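The primary structure of each chain is shown beneath.
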There are 2 protein chains.
Amino acid sequence: MQRIERHACFGGWQEVWRHESATLGCAMNVGVYLPPQAADGPCPVLYWLSGLTCTEQNFITKAGAQRYAAEHGLILVAPDTSPRGDGVPDGEGYDLGLGAGFYVNATRAPWATHYRMHDYVVDELPTLVEAHFPANAARAISGHSMGGHGALVLALRNPGRYRSVSAFAPIVAPSQVPWGRKAFTAYLGPDESAWREWDACALVANATERLPLRVDQGEADDFLREQLQPWRLQEACSAADHPLQLALHAGSDHSYYFIASLIGTHIAWHAHALRD
Amino acid sequence: MQRIERHACFGGWQEVWRHESATLGCAMNVGVYLPPQAADGPCPVLYWLSGLTCTEQNFITKAGAQRYAAEHGLILVAPDTSPRGDGVPDGEGYDLGLGAGFYVNATRAPWATHYRMHDYVVDELPTLVEAHFPANAARAISGHSMGGHGALVLALRNPGRYRSVSAFAPIVAPSQVPWGRKAFTAYLGPDESAWREWDACALVANATERLPLRVDQGEADDFLREQLQPWRLQEACSAADHPLQLALHAGSDHSYYFIASLIGTHIAWHAHALRD
């Protein structure tokens, strides 16, 4: 672990670390915000998964989350959105390959070697974080768009791993929408039955844990009807009697201005779950 | 005035407008945040001046100021940092020309035609803002680095124009430091006596208004010793018995993480002055 950035921020430190990931077979950058409370002892951790085209920088520079993390004593961990570097294959378009890992473990060539973002975020990264920072094992997860999909899927696939999960404008049914179908066809192959393991709407049907899903969605989001379709999650949760707190926001779009406006309420909500 | 961006943000709207500036002889982008209170009637305005290399985007995406502007009912206006476009001359390096207008009225070729950022920010922009938005004539000004210099100089040169002024890590004595000497030599010519009109430390000596100057400076700022030198402002204010509230912050650097950490206290302070 090598620290490549360090900035004083709301009484704590916004840092960026770089490390060799064994899971992904490449070097990865990860944003880590250490709140003031981390100077006195271990703090719980909120993992943040960003959307298409993002790196570890977008959330740490644009969301304004540090203020609330400092208030509640949470560490924020924001990884990059795909493997990167020489030898890591890229896809056609912004929605496949670099910056578009979709938080799955790819099974098809040429992706399977490096594109293992699920295992990286669920296993390797927390192990690193809990070894190198004053972090305890209380974990929450959230994300935006492709990263909202990632947060929901990682929480649903790994019962007991996260105390709480939330998402901003998530892709809730990747098997049914263009972004997800393109990525899953490449990463997982054309057999759609293999996709169900990576689709929040499908996973909800068999969820054992019943962790409440918190989702906020802007009604002026340009991707709402074609790519996001939160009503599919509402139907799936209703059919499975799975707890869902879905809120639609008039006027809000897909930008970080939407995230910034609501990240404070999400962090307060995660902090409550992490305190218990 | 043409609106080119509009995002819901903390109950109000973060917008970007584009307009032809008669003062600068080119089209300019300007960020305008309209707080929720602007829907009910005119609000006071805080002008924000950004630093070297910035556009209107840096402050609106990175400072997290909208939350506080929404709390206090302030409009935030964040212009670009120089004229731009075909026919606008550029200089050698990031610190002269495009992105480096230094908030002066240039007097030398080839700069004098377009580089008139003082008049743009002090006169043209408020006239536009007060005509096109629910803004009243109560104005405050703040900025960062080159823009902190701009805020101090514009307030000191224009008594009665601003109710309050503050700066983050400002260039306080441009006549004495490399950034300022390079820019002033180009924009104003080699006669240093002409520079005094654009130098906060020189202007303080003859200030009639005695508007308190609020300055926050990080002690881990890489530009502190060579370019910023806040002790020069402390000496000038002390000699002129001019009110100054200078605070140094251990660990803080020159980044937007520093601005984000303190913008809330600056906005609360400006809001108090603007309410009176």
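Note that the structure is predicted; figures quoted are calculated from it, not measured. (Residues numbered from 1 in each chain as written. Chains lettered and ligands numbered in written order. Predicted model: local features only at pLDDT ≥ 70, side-chain atom pairs only at ≥ 80, totals over all residues. Heavy atoms only, no water.)

### Structural notes on the interface of chain A and chain B
Facing the 21 residues of chain A at the interface are 21 residues of chain B. The contact between chain A and chain B buries some 1,700 Å² in all, and 53% of this surface belongs to carbon and sulfur atoms. Put simply, chain A and chain B have six residue pairs in polar contact (both at pLDDT 80 or more) between them. Listed by contribution, the elements that provide at least two residues to the side of chain A that touches chain B are β1 (2-9), β2 (12-21), α1 (57-62), α2 (66-72) and α9 (256-275) of chain A. Here the residues of the side of chain A that touches chain B sort into nine nonpolar, eight polar and four charged. (Contact = heavy atoms within 4.5 Å. Buried area = accessible area lost by both parts, 1.4 Å probe. Polar contact = N/O pair within 3.5 Å; in protein donor to acceptor, adjacent residues only side chain to side chain. Helix = DSSP H or I, 4+ residues; strand = E, 2+ residues; numbered from the N terminus. Nonpolar A, V, L, I, M, F, W, Y, C, P; charged D, E, K, R; others polar.)

### A look at the sheet that holds strand β9 (residues 244-249) of chain B
Residue and element names in this part refer to chain B. Read across the sheet, nine strands follow the order β1-β2-β3-β5-β4-β6-β7-β8-β9 without closing on themselves; strand pairing throughout is mixed. Edge strands, defined here as strands with exactly one partner in the open sheet, are β1 (2-9) and β9. Averaged over all neighbouring strand pairs, the angle between strand axes comes to 20°, with direction disregarded. The sheet strands contacting helix α8 (residues 230-240) are β8 (213-218) and β9, and the helix crosses β9 at an angle near 155°. (Pairing = 2+ DSSP bridges. Axes fitted to C-alpha atoms, helices over the stretch in contact; angles between N-to-C directions.)

### A few points about the pairing of β2(A)
All names here are of chain A. Among the ten residues in β2, seven count as buried, and that is most of the element. Here seven bridges tie β1 to β2, and the two strands are oriented antiparallel to one another. The residue of β2 that forms the bridge with His-7 is Gln-14. Once β1 ends, the chain turns through two residues before running back antiparallel as β2, passing Phe-10 with a positive phi of about 50°. Sheet analysis places β2 next to strand β3 (residues 26-34), joined by nine bridges and oriented antiparallel. Across the sheet, Glu-20 pairs through a bridge with Ala-27, a residue of β3. Remark: four residues form the turn of the hairpin made by β2 and β3, two consecutive strands paired antiparallel; Gly-25 in that turn has positive phi of roughly 65°. (Buried < 20%, exposed > 50% of the residue type's maximum accessible area, 1.4 Å probe, protein only.)

### Comments concerning the UniProt feature "active site" (unreviewed entry) in chain A
Residue and element names in this part refer to chain A. Taking the UniProt record as the reference, the feature "active site" (unreviewed entry) is found at Ser-145, Asp-221 and His-254. Sequence-wise these annotated residues cover 110 residues; spatially they are packed, their C-alpha atoms never more than 10.8 Å apart. Position of Ser-145 among the secondary structure elements: in the loop between β6 (135-144) and α4 (146-157). The class of Ser-145 is buried, set by a relative accessible area of 4%. (UniProt positions renumbered as here; feature names shortened; annotations may be inferred.)

### Remarks on the relation of the copies chain A and chain B
Superposition record for chain A on chain B: RMSD 0.0 Å, screw rotation 180°, translation along axis 0.0 Å. The superposition operator between the copies reduces to a two-fold rotation axis. Mapped onto chain B, 100% of the interface residues of chain A are again interface residues, and the two copies thus contact each other with one and the same surface. (Least-squares fit on C-alpha atoms with pLDDT ≥ 70 in both.)

### What about the state of the cysteines?
Residue and element names in this part refer to chain A. Throughout the structure, instances matching the rule amount to zero disulfides over all chains. No disulfide involves Cys-26; its sulfur sits 17 Å from the nearest other cysteine sulfur, which is in Cys-54. No disulfide involves Cys-43; its nearest neighbouring cysteine sulfur is the one of Cys-9, lying 15 Å away. (Disulfide = S-S within 2.5 Å.)

### Digging into the environment of Thr107(B)
Residues and elements named next belong to chain B. Mapped onto the secondary structure, Thr-107 falls in the loop between β5 (75-79) and α3 (117-132). Residues Thr-107 and Ala-186 lie 79 residues apart in sequence; the distance between their C-alpha atoms is 9.0 Å. Every residue in contact with Thr-107, bar those within four places of it in the chain, is listed here: Ala-112, Tyr-187 and Leu-188.

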